[in-house]
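Reading the structure
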Amino acid sequence: MADSGMPAGWPLLRAGVAAVALAFTTSVAAVSPNWWVDVANDRVEKVKTELALGEDPNVKTAAGQPAIMQAIQDQAWGCTTFWPATER
């Protein structure tokens, strides 16, 4: 392979960055379109259904807050009551 002027570990670093980007993109894409609306509006049964279908309760908002903290901020008390009992 021709010398491209890059350090020897460059291809490995690029592969690692791509893997992290893919993992981040995948986790963000997994959020159902109604997730944040249901959390904000304290739609407990819908949130429970989304969790049962595989929604990640640890997904973060654009501001970096996990869903339970967003529920507290939105005063969605029904969601905050059952969340600690979820298995994830």
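We now turn to the structure provided with this report. Just so it is clear, the model here is predicted, and its values are computed rather than measured. Sequence order as written defines the numbering, with residues in each chain counted from 1. This being a predicted model, a pLDDT of at least 70 is required before a residue's local features are given, and a value of 80 or more before pairs of side-chain atoms are given or counted; all residues contribute to the totals for chains, interfaces and linings. The side-chain values count all of the structure's non-hydrogen atoms but skip hydrogen atoms and water molecules.

In this structure, D42 takes a positive phi of about 55° despite not being glycine. Within the fold, D42 resides in the loop between α2 (35-40) and α3 (44-52). In the Ramachandran plot, Q75 falls in the positive-phi region, its phi being about 55° despite a non-glycine side chain. Helix and strand labels come from DSSP, where a helix needs a run of H or I of at least four residues and a strand needs a run of E of at least two; each type is numbered from the N terminus. For Q75, the location among the structural elements is in the loop between α4 (67-73) and α5 (77-82). Judged by relative accessible area, Q75 falls into the exposed class, the value being 55%. The rule is simple: take the accessible area with a 1.4 Å probe, protein chains only, and divide by the maximum for that residue type; under 20% is buried, over 50% is exposed, in between is partly exposed.

Among buried residues, those of type Ala, Val, Leu, Ile, Met, Phe, Trp, Tyr and Cys that are joined through side-chain atoms within 4.5 Å constitute a nonpolar core. Counting residues in each nonpolar core, the largest one holds 13 residues, and the members touching the most others are W35, V39, V47, A71, C79, F82 and W83. Breaking this core down by element, the ones donating at least two residues are α2, α3, α4 and α5. Counting residues per element, this core draws most heavily on α3, which supplies three residues. When near neighbours in sequence (up to four residues on either side) are disregarded, V39 contacts V47, A67, A71, A76, C79 and W83. The contact criterion used is simple: two residues touch if any of their non-hydrogen atoms lie within 4.5 Å.

This part takes up a nonpolar patch on the surface. Patch building starts from residues that exceed 30% relative accessible area and form no salt bridge, then joins like charges within 9 Å and nonpolar side chains (Val, Leu, Ile, Met, Phe, Trp, Tyr) within 5 Å. Only the protein chains shown count as covering a residue, and every accessible area follows the Shrake-Rupley method with a 1.4 Å probe. By definition here, a salt bridge exists when the distance from a side-chain nitrogen of Lys or Arg to a carboxyl oxygen of Asp or Glu is within 4 Å. A cluster of nonpolar side chains, contributed by M69, I72 and W77, occupies part of the molecular surface with about 300 Å² of accessible area. Relative to the helices and strands, I72 resides in helix α4. What makes I72 partly exposed here is its relative accessible area of 36%.

Paired rings are identified among Phe, Tyr and Trp, the last through its six-membered ring, by centres lying within 6.5 Å, and are further divided according to the angle between planes into stacked (under 30 degrees), edge-to-face (over 60) and tilted (the rest). In the structure shown here, the tally under the stated rule is one aromatic pair. Measuring from ring centre to ring centre gives 6.3 Å for W35 and W36, while their planes differ by 70°; the resulting arrangement is edge-to-face. Judged by relative accessible area, which is 0%, W35 ranks as buried. For W36, a relative accessible area of 27% puts it in the partly exposed group.

Another point: the environment of T81. On the secondary structure map, T81 appears in helix α5. Here the alpha-carbon distance between T81 and V44, two residues 37 residues apart in the chain, equals 9.4 Å. Polar contacts here mean pairs of N or O atoms no more than 3.5 Å apart (in protein, one a potential hydrogen donor and the other a potential acceptor; neighbouring residues in sequence count only if both atoms are side-chain atoms). Of note is the side chain of T81, whose polar atom sits 2.7 Å from the backbone oxygen of W77.

For the rest of this paragraph, the subject is α3. If you check which residues of α3 are buried, you get V44, V47, E50 and L51. Here the buried residues of α3 occupy an arc of 125° about the axis, which is enough to place them on one side. Exposed residues on α3 whose side chains face more than 90 degrees from its buried face are E45 and A52. Along its buried surface, α3 packs onto α2 and α5. Immediately beyond the C-terminal end of α3, within one or two residues, lies G54, with a positive phi of roughly 110°. Our arc is simply the arc of the directions from the helix axis toward the C-beta atoms.

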